[in-house]
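Coordinate inspection notes
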Amino acid sequence: MNNPAFRAAYSKYLTKLKSETGIDGLMSDDNIYYADWRACSCEHCRGRFKNEYGHALPPTSDATFWGNRRSEAFRDWIAMRFKSSGDFLVDVKRVFPEGFPLLTCCSSSDSYYLPAYGMSYQDFIENCNHVLLEMVGSTPSRAGTWDDRIPSQLLHLGIARDHHAPCFGLGYGFFQDTAFFVWAVNKFLGSDSWLSMLKGRLNATAAELAPLADDSEIVGEGYRWEQAHPQLFTGKVDTDVALLFSRATRDYFGQVAGDYSNDYSASCLNLMRAGISCDVVTDIPEFGKLHCLVLSSAVCLSAQEKLALEKFLNDGGTIIATGPAGHYNERSNPIDKTWLEDFGANVELDDLARPGGFPPYKNFKEPVVLAQCRVPESLQQKMRDGWLKVSVGKGQLLWRPERISEKGIADTVVNLLHARDRLLVRLEGLPLEWRLRQYRDGNRRLVHALPGKVETVLHASLKNHLSGESIVEKIKFQPLNQDLVLKSPISFSQVRLHSPDLNAARAGISGGENNWIVDSAMVSRYFVLECLA
């Protein structure tokens, strides 16, 4: 990554590639520390660590450095890993003309283990102009689910939105059913779609691979339907709710999934499964389009972020916070006055020290004890239904000490959001396992719907030789068979149901009082309700 000879050789190769092939764009793959914490101690990485951060890289036997989240030097090592991966793309970008489509592969930017790889699109986007999310594995999974990818996809969509860059998901499949489903998941989320087959990963002979169609031959249905209905794939997410992804907490506090990333994921998944459309943000937003901000175990907050949160509240925003919140600064150092203390909540954090070691974070005894908030009796008496509610300017802070991933806590957050949601278009009669995501384009509302679980049929013989698992050949969908009732806080003049399962759109019937009745019979895979105000 930091070897100047390798970077020069890579740039030379790209120059040759561009000259001899006339490529239209480049996906520069896996420029990360692919060997995780085992990489890298070459002279170039050691030199950069010493020259830019002032530290000598110690031997792996030094437990005061390796995996010690109280070590400033180890935090610098984490920061350098991310910076090195992002900087590599500087040389890649120089090879091509301004505006040349450039991206890199990235399966996640939110998981707790990513400091080991130095992988985050928050760094890559500084030199890329497209955002990619690799949908690792099968979509849907062999179990028929797909929404476990939601936390990563929403973060990448947020990064793309903030940098005005196109975003698309790269999914894998080998047959028409999975190709359609990869397309549908991406369109549901508001991103573009890319399908790859990777036949070389199958345990098959050339004769067994020959009957399989090529990528371009199995993607046609979804792409053609999108081409025929471009008006259904426009607009922005129709929400005033945002979830904060606290990168500082993940980078410098999150040693195991339970420290932070589980809570971030639980926030995304529970809101999605409750039919609440939301955006993910990486910075504290201004009050305006967004009225409500969800903070889940955001242990590390900078002074600037705390000021931005205060302004959001004073201007009329609502903050729903769960678990540890603002106990440390952006480098995970204790601070004199925690964020909650600003609102009269003197809450201490029980955060037990953990041993260092190499590889980092691998020598903890299970179960790992997570940091927990300790609420004094005097503060508990002020809380109602488990929540501390504080009016701040024109806004309100709601906080409770439990993490959102703890049993029952996500339901209380969802109930708060449902009680205040002024934008939500509700759809009754849809099975609970279906997922909804809403968009707004001018005076139109677009409600996209996709089943959250399907039945998969596995191929009789073909397997992914990397995982040893059978691949998905077919997907069985359960057709809808009853009328749907759309309820909205605003009045619509027309509602139409569009679906690849239908030959033509169906008009909804007004039921009065902002209710519309829509016939969903024979729709099974995907639909969009187009609502005209």
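Below is a short write-up of the structure. (Residues numbered from 1 in each chain as written. Predicted model: local features only at pLDDT ≥ 70, side-chain atom pairs only at ≥ 80, totals over all residues. Heavy atoms only, no water.)

Examining the sheet that holds strand S23 (residues 509-512)
Read from one edge to the other, the open sheet built from four strands follows the order S15-S20-S24-S23, with strand pairing classed as antiparallel. Looking at which strands have only one partner, the edges of the open sheet turn out to be strand S15 (426-428) and S23. For this sheet, the mean inter-axis angle between neighbouring strands, taken without regard to orientation, is 30 degrees. In this sheet, strand S24 (residues 515-519) lies alongside strand S20 (residues 483-487) in antiparallel orientation, the contact comprising five bridges. Within S24, the residue paired with Asp 483 across the bridge is Asp 519. (Pairing = 2+ DSSP bridges. Helix = DSSP H or I, 4+ residues; strand = E, 2+ residues; numbered from the N terminus. Axes fitted to C-alpha atoms, helices over the stretch in contact; angles between N-to-C directions.)

Quick notes on the sheet that holds strand S25 (residues 527-532)
As summarised here, the arrangement of the six strands in space is S6-S16-S17-S25-S21-S22, forming an open sheet in which the pairing is antiparallel. Of all strands in the sheet, those with a lone pairing partner are strand S6 (236-237) and strand S22 (506-507), marking the two edges. Pairing geometry for S6 and strand S16 (residues 434-441), over two bridges, is antiparallel. Within S16, the residue paired with Lys 236 across the bridge is Arg 440.

Here we look at the nonpolar core
Counting residues in hydrophobic clusters, the biggest one holds 100 residues, and the most contacted among them are Trp 77, Val 92, Tyr 121, Leu 417 and Tyr 526. It is helix H3 (residues 72-94) that contributes the most residues to this core, 10 residues altogether. If near-sequence neighbours (up to four positions away) are discounted, Trp 77 is found in contact with Trp 37, Cys 40, Cys 45, Phe 49, Leu 57, Phe 65 and Trp 66. (Core = buried A, V, L, I, M, F, W, Y, C linked by side-chain atoms within 4.5 Å. Buried < 20%, exposed > 50% of the residue type's maximum accessible area, 1.4 Å probe, protein only. Contact = heavy atoms within 4.5 Å.)

Things to note about the pattern of salt bridges
According to the stated counting rule, one finds 39 salt bridges in the structure shown. Across the pair Arg 273 and Asp 147 runs a salt bridge, and its minimum N-O distance is 2.9 Å. With Arg 273 in helix H11 (residues 261-273) and Asp 147 in the loop between strand S3 (131-134) and helix H5 (150-162), the pair connects residues that are 126 residues apart, well separated along the chain. Asp 238 is paired through a salt bridge with Arg 445; the nearest N and O atoms lie 3.2 Å apart. One end of the pair, Asp 238, is in the loop between S6 and strand S7 (241-244); the other, Arg 445, is in strand S17 (residues 444-451), with 207 residues separating them in the sequence. Each member of the pair, Asp 238 as well as Arg 445, is classed as buried. Within this structure, Arg 69, Arg 70, Asp 259, Asp 351 and Arg 354 form a network of salt bridges that share partners. (Salt bridge = Lys/Arg side-chain N within 4 Å of Asp/Glu carboxyl O.)

Some words on the packing of helix H6 (residues 176-189) against helix H9 (residues 220-228)
In the contact formed by H6 and H9, the axes pass within 7 Å of each other and the chain directions differ by 40 degrees. Classified by the angle between their axes, H6 and H9 sit oblique to one another. In this structure, H6 uses Phe 180, Trp 183 and Lys 187 to contact H9, whose residues at the interface are Glu 221, Gly 222, Tyr 223, Trp 225 and Glu 226. Here the residues of the contact of H6 with H9 are counted per class, giving four nonpolar, one polar and three charged. (Parallel < 35°, antiparallel > 145°, perpendicular 65-115°, else oblique. Nonpolar A, V, L, I, M, F, W, Y, C, P; charged D, E, K, R; others polar.)

Considering the pairing of S16
Looking down a regular strand, the side chains alternate between one sheet face and the other. Burial runs high along S16: six of the eight residues are buried. As paired elements, S16 and S17 share eight bridges and run antiparallel to each other. Each bridged residue has a counterpart across the sheet, and for Trp 434 the counterpart in S17 is Pro 451. Hairpin connection from S16 to S17: two residues lie between these consecutive antiparallel strands, with Gly 442 at a positive phi of about 65 degrees.

Let's talk about the side chain of Gln 153
Relative to the assigned elements, Gln 153 resides in helix H5. A relative accessible area of 4% means that Gln 153 is categorised as buried. Dropping the residues within four chain positions of it, Gln 153 is found in contact with Leu 133, Met 135, Val 185 and Leu 189.

Description of the environment of Leu 133
With respect to the helices and strands, the residue Leu 133 is situated in strand S3. Sequence-wise, Leu 133 and Tyr 10 are 123 residues apart; in three dimensions their C-alpha atoms are separated by 23 Å. Not counting the four nearest positions on each side in its chain, Leu 133 is found in contact with Cys 106, Ser 107, Ser 108, Arg 149, Ser 152, Gln 153, His 156, Phe 168, Gly 169 and Leu 170.

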